Each structure stands twice: as C-alpha cells, then as structure tokens.
Amino acid sequence: MKTGVLSDTQISQLLAQGGISASAPLEEGQVQPASLDLRLGAKAYRVRASFLAGKDHTVADRLAQFTMHEIDLTGGAVLEKGCVYVVPLMEALALPQGMTAAASAKSSTGRLDLLTRIITDQGVEFDRVPDGYSGPLFVEICPRSFSVLVRPGLMLNQIIFRQGKTLMTDAELLALHQSTPIVDGDAVISDGLGFSVDLRPSDGDLVGYRAKPHTGVIDLGQINHYDPNDFWEEVHTNDGRIILDPGAFYILVSREAIAIPPDCAAEMAPYLAMVGEFRVHYAGFFDPGFGWDSAGGQGSRGVLEVRCHEAPFVLEHGQIVGRLVYEHMSQTPKALYGQDIKSNYQGQGLKLSKHFRSPD
C-alpha cells in the first residue's frame, strides 16, 4: 500500500479484511472520505479522573480502579457537565504492521466544548493508536460547557489510518499552494499552514459566541433544534479586539478561507509559539474536498473553539492562533467532502454546531 492517509475505499478494504471490526453493522455515511466515524456502545462508566491505561495495563484494568458507577445508555442518559466518563466503542481494531491510527472529535463535538478523547489498551497518548494495535477502543467524555444526552450509536469521534509517514513538508506545502491555492491571500507556512482569528467581519460586528454558564441539557441526537439564545451569548466588537474571560468558552472563526485538495487531508493543531493565556481546541480532521472550489467550498473558514486560561487576555484581529498540518493521501477518495457526501460545514463561516437553529 502506498504511503499516506487511507481513503474511503481503503478503509472499506480494511473492514473487509478484519483490520476494523464492529459489534453492529456499519451505518450509511460512517465511512468518510479519509476517516471512519466511531459509535458509542451501550454502557458508560463514571470515573474519578481522566486516565491513560499505561503500557502495562488495559483500559479494563483502569476502569476496575477508577469507576464510580456504571450507566446504561440504551434508553438515553445524561452525561453531566464537569464529570468524566469512559464509554466502550462499537468499533475495534487489528491493524497490520506499518499502520497507525489517530482520532479526533468530530466538528460538532468540539463546537459544544465536549472534550472527547480516544484511549486504548496499553495506551500512553490520547487519540493515538500505535503501529499494529489490536484491541478495543474507548472514548473518554468530559462535558465542559453543557450537560449532554447520549445514546448508543452516536458518533462523537472520528479516526484516520496512516500508512507510513504522511506529513507534508513546508516545501511540499508551499509547492501545493502555488499550484492549487490552499488559502486565500498569503500563505503563512511554518510547520504547517498558520491561520489567524477574524475580529473584523466584512458585514456587521458579530465575531463569535460565548457559552452561557447555566443552561439546559443538549440532546446530541437533535439536529437544528435548539435556540442559540438559550445556550450562547453573542460577542460583538467594533475595534478588532475582544477580551477573553478566564474559564469561558468561545466560538470564533478564522480570517482565512481554507481549502483541502482531493489528494490531501489536514489536521488542526495548536500553534507552537506562546501566543497567550488561551487555547484553541483542535477538534478536527479536515477531509479531502473541504473548502475546495470544485467540491462546492470556494474556501471554508476554520471554526475556532477557544478557551481562556488563568488571566483575561486581549485577542486581536489577525493574531495567529493555530495551524493546519497537511498530509498526503495514500489514494484520492471515491467521495469528496461537500461534493459526494452530506456535509454540514462546507462553505462555512462563523457557525455553531448542527444542533442549533440558524440565528434569525
């Protein structure tokens, strides 16, 4: 197999060969252009603290040590804000040698400030599956802004599969941009494609949303259902800056419109420099075709999930806050994001998760 991130066709082949197994048949749309959506199983375990299994232990070993109580998800159950849960997933892996995997929260999950991370037996890193791993998958879930209602089969995370070394060098990324622009305007390339925050919108003064501290429960199975005003405060500015409050969670948007060509995938990563007292969450892989002109994107903004830390911090328009790391695909996918599959965020700007109705 050629080096690179596996495509939808190759993921389907991996399923057929037993490299991926599942306790229930896969659902339509679960295989994405360069990733596989992962489904919650029927049980959740409320645990005392977040953990990694460690190289000499299984997740089951750790659950025996740290579980406070077990929750049946079959009829739906509420996961409380500020608590930590571990849920076995329906999917398991038996990867061939030379193949690794990496997981991430899906876009809608990150936009709810829902911290979700994949853990494995003998695992020493979150969201990373080592070469040749064979065993079950679990997800740690920690709702941070809103309590959520979940059921078996919900897809909160996605996983990609890598054959060999997949990262594009800065030289390769620059050459790609020169042949097929990956961002509007100048490309800031240093260990990936840098992107900045937009606090001077072309229309109006709405620049983001801030999560309200005391809200109702969000049923993750409800789409286009909730009134944003019940959960979010609008953030407005006329001077290109906002002050982030410690502990608060914000939805903002990148200044740049980004494109992922069909033979590439990308992952949002933290900016390496010490940019201030905040963190931009990186809840996303970007599938081939995201924002790409021929797939109906015409460039799509990156939605930024921002949490301020210990001190109030002034965030300025155009400040670099993150980077996109591009990877080679092993082959071009059969379906592209936004062109051949349903996609909630193609051509997006500032946008809340799919659970909320569009603001009037």
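Since the structure is predicted, the reported quantities are computational estimates derived from the model, not experimental observations. (Residues numbered from 1 in each chain as written. Predicted model: local features only at pLDDT ≥ 70, side-chain atom pairs only at ≥ 80, totals over all residues. Heavy atoms only, no water.)

A description of the overall build of the protein chain should follow, citing residues and the corresponding values.
Secondary structure assignment for the protein chain yields four helices and 25 strands. For the protein chain, the C-alpha radius of gyration of 20 Å lies close to 21 Å, the compact-globule estimate for 360 residues. Here the C-alpha coordinates of the protein chain stretch approximately 55 × 50 × 35 Å along the principal axes. Burial status across the protein chain gives 53% buried among its 360 residues. Of all intrachain contacts in the protein chain linking residues separated by at least 6 positions in sequence, the fraction that spans at least 24 positions is 82%. Looking at the protein chain, you have 30 positive and 43 negative side-chain charges, and the mean spots of the two groups are 4 Å apart. (Helix = DSSP H or I, 4+ residues; strand = E, 2+ residues; numbered from the N terminus. Rg over C-alpha atoms; globule rule 2.2 N^0.38 Å. Buried < 20%, exposed > 50% of the residue type's maximum accessible area, 1.4 Å probe, protein only. Contact = heavy atoms within 4.5 Å. Lys, Arg positive; Asp, Glu negative; His and termini not counted. Charge placed at Lys NZ, Arg CZ, Asp CG, Glu CD.)

Can you lay out the packing of aromatic side chains for me, pointing to particular residues and giving the numbers?
Inspection of every chain in the model, using the stated rule, returns nine aromatic pairs. Ring plane angle 70° and centroid distance 5.3 Å describe the contact between F146 and W232, whose orientation is recorded as edge-to-face. Taken together, the residues span a long stretch of sequence, with F146 in the loop between β11 (134-143) and β12 (148-150) and W232 in strand β17 (residues 232-236) at a distance of 86 residues. Measuring from centroid to centroid gives 5.6 Å for F231 and F356, while their planes differ by 65°, and the two rings are edge-to-face. Linking F231 in the loop between β16 (218-219) and β17 with F356 in the segment after β25 (320-328), this pair joins segments that are 125 residues apart in sequence. F356 carries the same exposure label as F231, and that label is buried. (Phe/Tyr/Trp six-rings, centres within 6.5 Å; stacked < 30°, edge-to-face > 60°.)

I'd like a rundown of the pattern of salt bridges, residues and numbers included.
For the structure on display, the rule yields 16 salt bridges. Of the charged contacts in the structure, one is a salt bridge between R151 and D219, with a shortest N-O distance of 2.9 Å. With R151 in the loop between β12 and β13 (155-163) and D219 in strand β16, the pair connects residues that are 68 residues apart, well separated along the chain. On the accessibility criterion, R151 (30% relative accessible area) is partly exposed. According to the relative accessible area criterion, D219 is buried, its value standing at 10%. A salt bridge links E316 to R241; the shortest N-O distance between them is 3.4 Å. Separated by 75 residues along the polypeptide, E316 in strand β24 (residues 313-316) and R241 in strand β18 (residues 241-244) bring together distant segments of the chain. On the basis of relative accessible area, R241 is assigned to the partly exposed category, the value being 37%. Through salt bridges with shared partners, a single ionic network connects R128, R162, E267 and E327. (Salt bridge = Lys/Arg side-chain N within 4 Å of Asp/Glu carboxyl O.)

Hey, could you go over helix α2 (residues 59-66) for me, with residue numbers and the actual values?
Those residues of α2 that fall on the buried side of the exposure criterion are V59, R62 and L63. Summarising the axial view, the buried residues of α2 lie within an arc of 105°, below the 170-degree limit, and thus occupy one face. (Arc of directions from axis to C-beta.)

Would you mind going over the side chain of D198 in detail, with residue names and values included?
The topology assignment puts D198 in the loop between β14 (193-196) and β15 (206-211). A relative accessible area of 8% places D198 in the buried class. One polar contact links the side chain of D198 to the main-chain amide nitrogen of R200, over a distance of 3.1 Å. Filtering out sequence-adjacent residues up to four positions away, D198 remains in contact with V207, V253, S254, R255, R301 and H317. (Polar contact = N/O pair within 3.5 Å; in protein donor to acceptor, adjacent residues only side chain to side chain.)

So what's going on with the nonpolar core? Residues and values would help.
Ranked by size, the top nonpolar core spans 48 residues in total, and within it L40, L93, L137, I159, F161, L220 and W232 carry the most contacts. Sorting elements by how many residues they give to this core places strand β7 (residues 84-94) first, with four residues. Beyond its immediate sequence surroundings of up to four residues, I159 is in contact with A34, S35, L36, L38, L93, A101, A102, A103, V129 and L137. The next biggest cluster of nonpolar side chains, apart from the first, holds 33 residues, and it includes L173, I182, V183 and F195. (Core = buried A, V, L, I, M, F, W, Y, C linked by side-chain atoms within 4.5 Å.)

Give me helix α1 (residues 8-16): which residues, what numbers.
Among all positions of α1, only D8, Q10, I11 and L14 are buried. The arc that holds the buried residues of α1, viewed along the axis, is 160°, so those residues lie on one side. Those residues of α1 that are buried lie in contact with β1 (4-5), β2 (20-22), β3 (36-39), β8 (99-105) and β13. Taken from the residues just after α1, G18 is the one with a positive phi, measuring 90°.

For the state of the cysteines, give the residues involved together with the corresponding values.
The final tally for this structure, using the stated rule, is zero disulfides. Between C83, a free cysteine, and C142, which holds the nearest cysteine sulfur, the sulfur-to-sulfur gap is 7.7 Å. Owing to a relative accessible area of 15%, C83 belongs among the buried residues under this scheme. (Disulfide = S-S within 2.5 Å.)

Now, about the environment of D205: what can you tell me, with residues and values included?
With respect to the helices, strands and loops of the structure, D205 is situated in the loop between β14 and β15. We classify D205 as partly exposed; its relative accessible area is 24%. For the pair formed by D205 and D239, sequence separation is 34 residues and the distance between their alpha carbons is 9.1 Å. Beyond its immediate stretch of four places on either side in the chain, D205 contacts V235, H236, T237 and N238. For D205, the side chain forms a polar contact with the side chain of H236, separated by 2.7 Å.

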